[in-house]
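# Descriptive structure summary
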Amino acid sequence: MTIFFEICTVIFLIFMRLQKTKAKTLVLMLITNFFNILVYYLLGEVAGFFLTILIMIRNFVFYCYDFFKIKPSFANFLVFEVGFIIIGGVCWKSGIDLIILVNILMFTYVIWQNNMYILRIGLLLDPIMLIFYNLFIGSYVLIIGQAISLIVTIIAIIYYDVMKRTTSIIKRLLFYVRPKLKRKRIMARLKNRNYK
């Protein structure tokens with residue numbers, strides 16, 4: 001059962017990293033967090049379990065701020081950082097819990113920002129740290145998933161931030177999968193957008 005939840009986590013991890021907007025990224029992050037909670041519960045990782053619950057709350061709060069186009073205050077950021085440190089200290093089992101704690105503290109800062117480039121840089125650093133954490137707890141499917149998500153994040157950074165593309169990667173991929181007639185309509189729309 002753990003492997004099934006790990007595979008679901010990996011699938012949503014990949015889609016999460018391909019998103020163009022912060023709101024879509026946070027929604028997919030919430031789904032990923034839900035499956036991570038199940039994985040950590042089944043593996044008996046107490047710190048990972050409780051920290052991921054707080055991560056899910058953090059992502060929901062920051063999604064609400066993003067939805068209403070309000071920048072979260074520094075107090076919100078500080079409350080979550082202190083909460084993570086307290087839960088990390090209470091649930092401390094070994095030194096490897098420090099990896100996930102540092103990762104979460106870094107990622108809270110990244111999500112607090114309203115800049116997708118900074119978010120993508122955080123998404124680049126995130127799998128590097130989590131590969132080591134999952135290696136120590138024995139979650140090998142998540143290691144493979146984090147490696148794939150690292151590659152996908154690099155592709156997203158090149159696509160959105162270096163090449164400055166405006167069409168989402170998923171739409172561009174669907175362009176090649178859809179029937180020919182739909183492809184012509186999409187191509188016409190893309191050309192109209194480029195001429196404006």
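Residues numbered from 1 in each chain as written. Predicted model: local features only at pLDDT ≥ 70, side-chain atom pairs only at ≥ 80, totals over all residues. Heavy atoms only, no water.

### So, the overall build of the protein chain
- A count of helices and strands for the protein chain gives nine helices and zero strands.
- Over its C-alpha atoms the protein chain spans a radius of gyration of 18 Å, differing by no more than 12% from the 16 Å that the globule rule assigns to 196 residues.
- Sequence-distant contacts in the protein chain: of pairs separated by 6 or more residues, those separated by 24 or more amount to 65%.
- When the accessible surface of the protein chain is totalled, it reaches about 10800 Å², and 74% of it is carbon and sulfur.
- On the protein chain, the mean spot of the 23 positive side-chain charges and the mean spot of the 7 negative ones are 24 Å from each other. (Helix = DSSP H or I, 4+ residues; strand = E, 2+ residues; numbered from the N terminus. Rg over C-alpha atoms; globule rule 2.2 N^0.38 Å. Contact = heavy atoms within 4.5 Å. Areas by Shrake-Rupley, 256 points an atom, 1.4 Å probe, with all protein chains shown as cover. Lys, Arg positive; Asp, Glu negative; His and termini not counted. Charge placed at Lys NZ, Arg CZ, Asp CG, Glu CD.)

### Brief notes about the packing of helix α3 (residues 46-67) against helix α5 (residues 97-112)
- Close contact between α3 and α5 brings their axes to 11 Å; oriented N to C, the two are set at 0 degrees. Here α3 lies roughly parallel to α5, going by the angle between them. From α3, Ala47, Gly48, Leu51, Ile55, Arg58, Asn59 and Phe62 reach across to α5, where they touch Asp97, Ile100, Leu101, Ile104, Phe107, Thr108, Ile111 and Trp112.
- In the contact of α3 with α5, the residues fall into 10 nonpolar, three polar and two charged. (Axes fitted to C-alpha atoms, helices over the stretch in contact; angles between N-to-C directions. Parallel < 35°, antiparallel > 145°, perpendicular 65-115°, else oblique. Nonpolar A, V, L, I, M, F, W, Y, C, P; charged D, E, K, R; others polar.)

### Let's talk about the pattern of salt bridges
- Under the defined criterion, the tally for this structure stands at two salt bridges.
- Between arginine 17 and aspartate 126 there is a salt bridge; the shortest N-O distance is 2.9 Å. Here arginine 17 is found in helix α1 (residues 2-17), whereas its partner aspartate 126 is found in helix α6 (residues 116-137), with 109 residues between them in sequence. Residues arginine 17 and aspartate 126 agree in their burial class; the two are buried.
- Note that aspartate 161 is salt-bridged to arginine 120, the shortest N-O span being 3.2 Å. You can see aspartate 161 sitting in helix α7 (residues 140-162) and its partner arginine 120 sitting in helix α6, a full 41 residues away along the chain.
- Classification of arginine 120 by relative accessible area gives buried; the value is 4%. (Salt bridge = Lys/Arg side-chain N within 4 Å of Asp/Glu carboxyl O. Buried < 20%, exposed > 50% of the residue type's maximum accessible area, 1.4 Å probe, protein only.)

### Quick notes on the packing of aromatic side chains
- All chains considered together, the criterion is met by 16 aromatic pairs.
- For the ring pair phenylalanine 77 and tryptophan 112, a centre distance of 4.8 Å and an interplane angle of 25 degrees mean the geometry is stacked. Separated by 35 residues along the polypeptide, phenylalanine 77 in helix α4 (residues 74-90) and tryptophan 112 in helix α5 bring together distant segments of the chain.
- On the basis of relative accessible area, phenylalanine 77 is assigned to the buried category, the value being 10%.
- Taken together, Phe4, Phe5, Phe12, Phe34 and Phe35 form an aromatic cluster joined through their ring pairs. (Phe/Tyr/Trp six-rings, centres within 6.5 Å; stacked < 30°, edge-to-face > 60°.)

### Comments concerning empty space enclosed by the protein
- Per the stated rule, a full pass over the model turns up one cavity of 30 Å³ or more.
- The volume enclosed by the largest cavity comes to roughly 270 Å³.
- Taken together, 22 residues form the lining of the largest cavity, with Asn33, Asn36, Ile55, Asp126 and Leu130 sitting closest to its centre.
- For the lining of the largest cavity, the secondary-structure elements that each account for two or more residues are α1, α2 (22-43), α3, α5, α6 and α7.
- In terms of residue count, the dominant contributor to the lining of the largest cavity is α2 (five residues). (1 Å grid on protein atoms, 1.4 Å probe; cavity = no way out; pocket = protein on both sides within 12 Å on 5 of 7 lines; lining within 4 Å. Points joined across faces, edges and corners; volume = space filled by probe spheres on them.)

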